[in-house]
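Below, each chain spelled out in residue letters.
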Amino acid sequence: MSALLQVRNLSLHYGPRVGCQDVSFDLHPGELLCIVGESGSGKSTLLNAVAAQLTPTAGSVRYRQRDGEWLELGTLSEADRRRLAREEWGFVTQNPRDGLRLNVSAGANVAERLMALGMRHYSQLRATARHWLERVEIDPTRIDDAPTSFSGGMQQRLQIARTLVTQPRLVFMDEPTAGLDVSVQARILDLLRRLVNELGLAAVMVTHDLAVARLLAARTIVMQGGRVVETGLTDQILDDPQHPYTQLLVSSVLTT
Amino acid sequence: MTPRYNFAFLDEDTKRMLRRALLKAVAIPGYQVPFGSREMPLPYGWGTGGIQVTAALLGPDDVLKVIDQGADDTTNAVNIRRFFSRVAGIATTEHTTDATLIQTRHRIPETSLREDQILIFQVPEPEPLRTLEPREAETRTLHALADYGLMHVKLYEDIAQYGHIATSYDYPVLVDGRFLTSPSPIPKFDNPKLDRSPALMLFGAGREKRLYAIPPYTSVESLAFDDHPFELQRWDHQCALCGSGDSYLDEVVVDDHGARMFVCSDTDYCSGRRVEAQA
């Protein structure tokens with residue numbers, strides 16, 4: 001099967017400091033890839049560079065569109081980049097307040113991306129929004145409530161609904177469960193696993209939590225100091241870490 | 001005319017700058033053209049944008065009409081009319097049909113305009129997306145890419161909260177199928193008059209330093225949803241003075257017991273109809 005995303009020798013420097021250095025990987029349709037590492041290891045920088053939100057210093061990112069055509073993201077115009085972000089991609093931020101429009105209702109948040117795609121039928125928008133609220137386990141009677149009246153976990157689920165409503169092919173997630181308590185985390189991870197399977201999404205997820213990687217990802221990339229130190233099947237990495245840093249990461253997970 | 005001033009108050013270089021910006025605005029219908037807005041002898045919010053456009057267009061033979069909320073006799077309208085008769089010595093009128101230039105705030109006259117007339121709007125906020133997107137750089141990008149899904153978020157919110165599109169003034173329009181544009185705070189009742197109007201429509205926002213235009217016979221479409229089409233306001237009343245049933249009516253409280261009457265907001269249209277009825 002042909003890859004969906006090809007990252008080759010990607011580097012991003014913030015002036016003299018290294019964000020990420022010489023990263024390469026492929027992502028296949030329907031695959032969920034986790035990027036793990038400690039704070040400051042370049043995980044989010046890599047994610048933003050791959051998602052064309054930051055401009056890489058060197059290297060290339062190629063994406064295969066729905067029509068099978070390969071796009072070189074570095075040479076994409078602003079219009080094409082936005083079209084991709086609107087029609088084929090989704091981005092879930094760590095803080096739902098960054099990804100949501102807080103001054104409009106939950107329903108409008110879910111429907112916004114549909115309206116951006118040109119859907120102009122109110123009843124259909126509303127029905128779709130209600131359906132998606134149900135899918136992310138938010139009571140659909142709260143469709144007209146402001147996201148500010150939602151709990152943190154609900155806001156994150158709302159952001160997931162808002163992102164997935166347009167059925168993207170590729171979703172980028174930046175620590176979607178950080179900052180939530182453990183039981184809420186578990187529910188969201190469960191939900192994500194189900195939706196990713198149902199929709200056949202490809203996803204790149206950044207996390208510092210190895211348990212998240214274990215639960216969701218088939219493959220994992222371990223980063224340290226902006227470089228990839230180890231990559232492979234998640235179970236293999238977590239059960240038989242080769243690199244000293246990975247061994248340290250795995251051994252520092254609290255076990256009960 | 002007071003000779004201490006240059007004709008129509010502004011100096012000739014400023015008028016030239018304004019005319020260049022206006023030409024660009026007419027060439028790109030609905031596009032907001034930046035211009036060097038000048039200090040005017042009235043505060044922002046009183047029509048500094050409109051008054052500069054008027055000053056740039058006035059010639060000695062022009063006849064100026066100024067309306068504020070449809071009325072010729074309100075403070076703003078009287079002052080601006082008097083200002084231009086002082087600094088330009090031009091003739092003014094209250095009759096829509098006699099005017100060559102009409103500066104307006106919040107209304108379009110009921111009487112149909114002609115090709116030889118220009119309507120000049122005072123605009124407080126030229127950016128229709130501003131309440132949804134506060135960043136100017138971002139709204140400019142959205143305009144450049146014609147990425148206007150955001151505007152429907154506002155209309156969606158209206159229907160979700162009130163059951164219908166409750167936006168009743170400054171109702172967003174798409175000009176010439178391309179630029180999302182604010183029609184200025186006119187009631188949506190007046191939106192259909194913008195569509196393929198024979199008269200040139202110019203918009204000036206003094207504080208925001210933007211000009212834009214709707215050239216004659218340009219299509220102007222009010223945004224809506226497929227199942228919630230654009231609708232006009234309706235009244236259960238007729239004008240208490242002239243009996244008009246198809247003009248925009250103001251509700252006026254007439255005593256301390258809550259009695260009300262409905263009268264035309266366009267004073268010239270209303271008095272014209274009354275004169276006609278007496279004749």
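Residues numbered from 1 in each chain as written. Chains lettered and ligands numbered in written order. Predicted model: local features only at pLDDT ≥ 70, side-chain atom pairs only at ≥ 80, totals over all residues. Heavy atoms only, no water.

**Some remarks on the overall build of chain A**
The cut-off we apply is this: Put simply, DSSP H or I for four residues or longer makes a helix, DSSP E for two residues or longer makes a strand, and each gets a number counted from the N terminus. Note that the radius of gyration is over C-alpha atoms, with the globule rule given as 2.2 Å times the number of residues to the power 0.38. Accessible area is worked out with a 1.4 Å probe on protein chains only. A residue is then buried under 20% of its type maximum, exposed over 50%, and partly exposed in between. Every residue pair with non-hydrogen atoms within 4.5 Å of one another is taken to be in contact. We count Lys and Arg on the positive side and Asp and Glu on the negative side, and we leave His and both chain ends out. Lys charges are placed at NZ, Arg charges at CZ, Asp charges at CG and Glu charges at CD.
In terms of regular secondary structure, chain A is built from 10 helices and 10 strands. Its C-alpha radius of gyration of 18 Å places chain A within 12% of the 18 Å reference for a compact globule of 256 residues. Dimensions of chain A, computed from the C-alpha atoms along their principal axes, are close to 55 × 50 × 35 Å. Here chain A holds 256 residues, and 53% of them are scored as buried. Residue pairs at least 24 apart in sequence account for 66% of intrachain contacts in chain A once pairs closer than 6 positions are excluded. Computed over 27 positive and 28 negative side-chain charges, the separation of the two mean positions in chain A equals 5 Å.

**Focus: the interface of chain B and chain A**
Reports of interface size often rely on the accessible area that becomes lost once the parts have come together. To keep it simple, the criterion reads: Buried area adds together the accessible area that both of two parts lose upon being put together, with accessible area traced by a 1.4 Å probe. Salt bridges, as used here, are contacts in which a Lys or Arg side-chain nitrogen is within 4 Å of a carboxyl oxygen on Asp or Glu. The term polar contact refers here to a pair of N or O atoms within 3.5 Å; inside protein, the definition further demands a hydrogen-donor-capable atom paired with an acceptor-capable atom, and it admits residues adjacent in sequence only when both atoms are side-chain atoms. Following the grouping adopted for this structure description, the nonpolar residues are Ala, Val, Leu, Ile, Met, Phe, Trp, Tyr, Cys and Pro, the charged ones are Asp, Glu, Lys and Arg, and the polar ones are all others, Gly among them.
Taken residue by residue, the interface counts 20 residues in chain B and 22 residues in chain A. Looking at the side of chain B facing chain A, the largest losses of area belong to B:V153, B:Y156 and B:D227, adding up to 31% of the total buried there. Here chain B is connected to chain A by two salt bridges. A:R82 is paired through a salt bridge with B:E138; the nearest N and O atoms lie 3.0 Å apart. If you look at where chain B meets chain A, you find 11 residue pairs in polar contact (both at pLDDT 80 or more). Sorting the residues of the side of chain B that touches chain A by element identifies α4 (136–144) and α5 (149–162) of chain B as the ones contributing at least two each. Across the side of chain B that touches chain A, the residue classes break down as 10 nonpolar, five polar and five charged.

**Topic: the UniProt feature "domain: ABC transporter" (unreviewed entry) in chain A**
The condition is simple: UniProt positions are given in the numbering used here, feature names are shortened, and annotations may be inferred rather than shown by experiment.
In this numbering, the UniProt entry assigns the feature "domain: ABC transporter" (unreviewed entry) to residues 5–250 of chain A. Its end C-alpha atoms 28 Å apart, residues 5–250 of chain A is made of 40% helix and 26% strand.

**Overview of the layout of surface pockets**
Rule in force here: Buried and open spaces are told apart on a 1 Å grid over the protein atoms alone, a cavity being a set of points where a 1.4 Å probe fits but cannot get out and a pocket being an open set with protein on both sides within 12 Å along at least five of seven lines. Residues with an atom within 4 Å of a point are the lining residues. Grid points are joined across faces, edges and corners, and a volume is the space filled by probe spheres set on the points.
Reported here for the largest pocket is a volume of approximately 1,100 Å³. Together, 29 residues line the largest pocket, and A:A85, A:R101, A:E112, A:R162 and B:E138 are the ones closest to its centre. Sorting the residues of the lining of the largest pocket by element identifies α2 (78–87), β6 (89–92), α3 (96–99), α4 (106–116) and α6 (152–164) of chain A together with α4 and α5 of chain B as the ones contributing at least two each. Of all the elements, α2(A) adds the most residues to the lining of the largest pocket, at four residues. Partitioning the lining of the largest pocket into residue classes produces nine nonpolar, seven polar and 13 charged. Taken as a whole, the second largest pocket encloses approximately 330 Å³ of empty space. In this structure, the second largest pocket is lined by 18 residues; those nearest its centre are B:P128, B:T131, B:K154, B:Y169 and B:D170. For the lining of the second largest pocket, a count of residues per class yields eight nonpolar, five polar and five charged.

**Overview of the sheet that holds strand β10 (residues 220–222) of chain B**
Residues and elements named next belong to chain B. Worth spelling out the cut-off: Two strands pair if DSSP finds at least two bridges between them. A fitted line through C-alpha atoms serves as each axis, taken over the contacting stretch for helices, and the angle formed by two N-to-C directions is quoted from 0 to 180°.
Strand order across the open sheet formed by three strands is β7-β6-β10, with antiparallel pairing between neighbours. Each of the sheet's edge strands pairs with one partner strand only, and the pair in question is β7 (179–181) and β10. Mean inter-strand twist for the sheet, computed between neighbouring axes without regard to direction, equals 30 degrees. Looking at chain direction, strand β6 (residues 173–175) and β7 are connected through three bridges and run antiparallel.

**Observations concerning unusual backbone geometry**
One non-glycine residue, A:E137, adopts positive backbone phi at about 65 degrees. Topologically, A:E137 is positioned in the loop between α5 (122–135) and α6.

**Points about the nonpolar core**
Stated precisely, the cut-off is as follows: Among buried residues, those of type Ala, Val, Leu, Ile, Met, Phe, Trp, Tyr and Cys that are joined through side-chain atoms within 4.5 Å constitute a nonpolar core.
One finds A:L32, A:V110, A:L158, A:I160, A:M205, B:Y156 and B:F225 to be the most contacted residues of the largest nonpolar core, which totals 67 residues. Other than its neighbours up to four places away in sequence, A:M205 contacts A:L32, A:L33, A:C34, A:I35, A:M173, A:P176, A:L192, A:V212 and A:L216.

**A short note on the pairing of β6(A)**
All names here are of chain A. Where burial is concerned, the two faces of β6 agree: the one with W89 and F91 and the one with G90 and V92 are both buried. With four bridges joining them, β6 and strand β7 (residues 170–174) adopt parallel strand pairing. Note that in β7 the partner of W89 across the bridge is L170.

**Some details on the packing of aromatic side chains**
The criterion, for reference: Here a pair means two rings of Phe, Tyr or Trp (six-membered ring of Trp) with centres within 6.5 Å. Their orientation is stacked below 30 degrees between planes, edge-to-face above 60, and tilted elsewhere. Distance and angle both matter: a charge sits over a ring if NZ of Lys or CZ of Arg is within 6 Å of the ring centre and within 35 degrees of the ring normal.
Scanning all chains against the criterion turns up 15 aromatic pairs over all chains. In this structure an aromatic cluster arises from ring pairing among A:Y63, A:W89, A:F91 and A:F172. Looking at B:R178, its charged tip hangs above the ring of B:F179, at a distance of 4.3 Å from the centre.

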